[in-house]
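This is what each chain is made of:
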Amino acid sequence: MLFFNQSIFYPAVFFLTGIPGLEGSHAWFSIPFCCLYTIAISGNGMILFVIITESSLHEPMYYFLSMLSFTDLGLCLSTLVTMLGIFWFNAREISFDSCIAQMFFIHGFTFMESSVLLVMALDRFIAICNPLRYAMILTNSRIIKVGIAIVIRGTTALVPLLLLLKRLTFCRSHVLHHSYCFHPDVMKLSCTDTKINSAFGLAIVISTAGLDSVLILLSYVLIIHSVLCIASREERKKAFGTCISHLSAVAIFYIPMISLSLVHRFGKHAPPLVHTLIANVYLLIPPVMNPIIYSVKTKQIRKAVHKVFLSKLT
């Protein structure tokens with residue numbers, strides 16, 4: 001009887017979900033997912049490699065880009081084992097403690113990426129609005145401090161959030177809607193009051209991604225105002241051109257994240273396939289697209305990548 005109570009109120013395992021209704025085709029679905037993971041890991045790894053090895057890229061803008069690639073790599077690796085385990089081996093079980101650990105890394109890297117995008121917006125603001133003081137403001141020591149602050153900000157708030165999750169009891173279905181552990185998804189399975197968890201989780205999202213998005217918007221309002229004051233049309237075009245890659249990265253990060261949050265909050269009656277599709281887009285599209293965007297739109301990165309490939313070929 002004691003074991004029964006423990007299995008109800010403190011679950012030994014949760015069950016992850018692959019593609020609802022298409023379980024028999026998981027082996028085929030693993031092919032595009034493997035391709036996406038390969039592109040994301042190799043692309044972000046290449047960006048990190050060229051920034052570290054090429055002295056011409058040892059500038060604040062590229063240091064921040066390396067932070068973005070690092071967080072994207074972390075997001076991919078946080079779910080690689082569980083997602084491909086479901087598709088290849090139907091390994092749906094995940095222990096409660098492993099689920100907590102995976103949530104820590106997924107949400108931690110998500111909040112860190114939001115912070116990196118904010119810092120990159122501030123970098124563009126300083127470069128365009130105050131170019132003469134750019135090198136004085138963004139020194140190497142300050143960039144290191146910014147990197148440490150991003151890690152601390154992205155992880156410290158998660159510890160109490162996940163500890164609050166561990167106090168909950170679970171007496172409903174232990175089947176999650178995604179192929180990885182996601183805090184709102186796990187919280188919904190609890191049969192106890194989750195108001196504190198919901199309020200604390202919402203406060204964290206507002207104080208991180210919510211605040212970051214507002215400050216990014218404000219930065220670009222100031223950037224646009226400064227650029228429009230430039231007399232030369234060519235200079236205005238050049239200034240806007242330096243922001244295109246970052247604006248694309250912001251869009252592909254925040255749009256899927258907002259969509260997933262809305263589905264969890266208001267889409268209780270949405271088909272399970274919708275939850276799965278948006279969850280996978282939220283997780284994989286930014287790590288896949290960011291290296292492509294910066295390789296195509298940033299001339300210095302493109303040249304460095306070409307140089308690496310040519311050196312390998314010769």
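Above this text you will find the structure in question.
None of these values were measured; they are calculated from a predicted model.

A. Seen up close, the overall build of the protein chain. The secondary structure content of the protein chain amounts to 12 helices and 2 strands. Secondary structure elements of the protein chain, listed N to C terminal, follow the sequence α-β-α-α-β-α-α-α-α-α-α-α-α-α. Taken over C-alpha atoms, the radius of gyration comes to 21 Å for the protein chain, in line with the 20 Å a tight globule of 314 residues would show. Judged by the C-alpha coordinates and their principal axes, the protein chain covers about 75 × 50 × 35 Å. Taking all contacts inside the protein chain whose residues are at least 6 apart in sequence as the whole, residues at least 24 apart take part in 80%. Here the protein chain has roughly 16100 Å² of accessible surface; of this, 72% comes from carbon and sulfur atoms. Side-chain charges of the protein chain comprise 23 positive and 13 negative groups, with the mean position of each set lying 6 Å from the other.

B. View of the pattern of salt bridges. Per the counting criterion, the structure on display carries 4 salt bridges. As a salt-bridge pair, Lys-166 and Asp-97 come within 3.2 Å of each other at their nearest N and O atoms. Taken together, the residues Lys-166 in helix α7 (residues 158-166) and Asp-97 in helix α4 (residues 96-129) connect sequence positions 69 residues apart. Linking Asp-212 and Arg-153 is a salt bridge whose minimum nitrogen-to-oxygen distance equals 2.9 Å. Of the two residues, Asp-212 sits in helix α9 (residues 195-228) while Arg-153 sits in helix α6 (residues 140-156), which places them 59 residues apart along the sequence.

C. Fine view of the packing of α4 against α7. Two elements in contact, α4 and α7, have axes whose closest approach is 10 Å; the angle formed by their N-to-C orientations is 150°. Accordingly, the angle class assigned to the pair α4 and α7 is roughly antiparallel. Every pair of crossing elements has a handedness; the one defined by α4 and α7 is right-handed. Where α4 approaches α7, its residues Phe-96, Asp-97, Ile-100, Met-103, Phe-104, His-107, Gly-108 and Phe-111 are matched on the opposing element by Leu-158, Val-159, Leu-162, Leu-165 and Lys-166.

D. Structural context of the packing of aromatic side chains. A full pass over the atoms with the stated rule returns 10 aromatic pairs. Centre to centre, the rings of Phe-14 and Phe-170 are 5.4 Å apart; their planes meet at 80°, and the pair counts as edge-to-face. You can see Phe-14 sitting in strand β1 (residues 13-15) and its partner Phe-170 sitting in the loop between α7 and α8 (183-187), a full 156 residues away along the chain. Of the residues examined, Phe-14 reaches a relative accessible area of 0% and is grouped as buried. Here Phe-253 and Tyr-254 contribute two aromatic rings whose centre-to-centre distance is 4.9 Å and whose plane-to-plane angle is 85°, an arrangement assigned as edge-to-face. Side by side, Phe-253 and Tyr-254 carry an identical accessibility label, which is buried.

E. Representation of the state of the cysteines within the structure. Summed over all chains, the structure comprises 1 disulfide. Two residues, Cys-99 and Cys-181, share a disulfide whose sulfurs are 1.9 Å apart. The S-S bond linking Cys-99 to Cys-181 shows a torsion near -120°; that makes this disulfide left-handed. In this pair, Cys-99 sits in helix α4 while Cys-181 sits in the loop between α7 and α8, placing the two residues 82 residues apart along the sequence. Among the residues examined, Cys-99 registers a relative accessible area of 1% and is labelled buried. Exposure remark for Cys-181: the relative accessible area of 0% places this residue in the buried category. Of the cysteine sulfurs around Cys-34, a residue in no disulfide, the closest is that of Cys-35, at 7.0 Å. Cys-129 takes part in no disulfide bond, and the closest cysteine sulfur to it belongs to Cys-243, at a distance of 9.0 Å.

F. Main features of the layout of surface pockets. As a volume, the largest pocket reaches approximately 860 Å³. Of all the elements, α9 adds the most residues to the lining of the largest pocket, at 10 residues. Partitioned by chemical class, the residues of the lining of the largest pocket number 15 nonpolar, 13 polar and 4 charged. If you add up the space inside the second largest pocket, you get close to 600 Å³. Along the walls of the second largest pocket sit 25 residues, with Met-61, Arg-124, Lys-238, Ala-239 and Thr-242 positioned nearest its centre.

G. Quick look at helix α10 (residues 233-266). Compared with an ideal rise of 1.5 Å per residue, which puts 34 residues at 50 Å, α10 spans 46 Å between its outermost C-alpha atoms and is within 8% of the ideal. Along its length, α10 shows its largest kink, about 35°, at Ile-244.

H. Broad picture of a nonpolar patch on the surface. A grouping of Leu-211, Leu-215, Leu-217, Leu-218, Val-221 and Leu-222 is seen on the molecular surface, where their side chains present a nonpolar patch of about 520 Å² in accessible area. As for its position among the elements, Leu-211 is in helix α9.

I. Representation of the environment of Ile-206. Locating Ile-206 in the fold gives a position in helix α9. Judged by relative accessible area, which is 51%, Ile-206 ranks as exposed. Along the primary structure Ile-206 and Lys-268 are separated by 62 residues, whereas in three dimensions their C-alpha atoms are 22 Å apart.

Criteria and thresholds
Residues numbered from 1 in each chain as written. Predicted model: local features only at pLDDT ≥ 70, side-chain atom pairs only at ≥ 80, totals over all residues. Heavy atoms only, no water. Helix = DSSP H or I, 4+ residues; strand = E, 2+ residues; numbered from the N terminus. Rg over C-alpha atoms; globule rule 2.2 N^0.38 Å. Contact = heavy atoms within 4.5 Å. Areas by Shrake-Rupley, 256 points an atom, 1.4 Å probe, with all protein chains shown as cover. Lys, Arg positive; Asp, Glu negative; His and termini not counted. Charge placed at Lys NZ, Arg CZ, Asp CG, Glu CD. Salt bridge = Lys/Arg side-chain N within 4 Å of Asp/Glu carboxyl O. Axes fitted to C-alpha atoms, helices over the stretch in contact; angles between N-to-C directions. Parallel < 35°, antiparallel > 145°, perpendicular 65-115°, else oblique. Left-handed = near helix turned anticlockwise from the far one by under 90°. Phe/Tyr/Trp six-rings, centres within 6.5 Å; stacked < 30°, edge-to-face > 60°. Buried < 20%, exposed > 50% of the residue type's maximum accessible area, 1.4 Å probe, protein only. Disulfide = S-S within 2.5 Å. 1 Å grid on protein atoms, 1.4 Å probe; cavity = no way out; pocket = protein on both sides within 12 Å on 5 of 7 lines; lining within 4 Å. Points joined across faces, edges and corners; volume = space filled by probe spheres on them. Nonpolar A, V, L, I, M, F, W, Y, C, P; charged D, E, K, R; others polar. Expected span 1.5 Å × (residues − 1). Bend = angle between axes of the 7 residues up to and from the residue. Patch = residues over 30% accessible without salt bridge, like charges linked within 9 Å, V, L, I, M, F, W, Y side chains within 5 Å.

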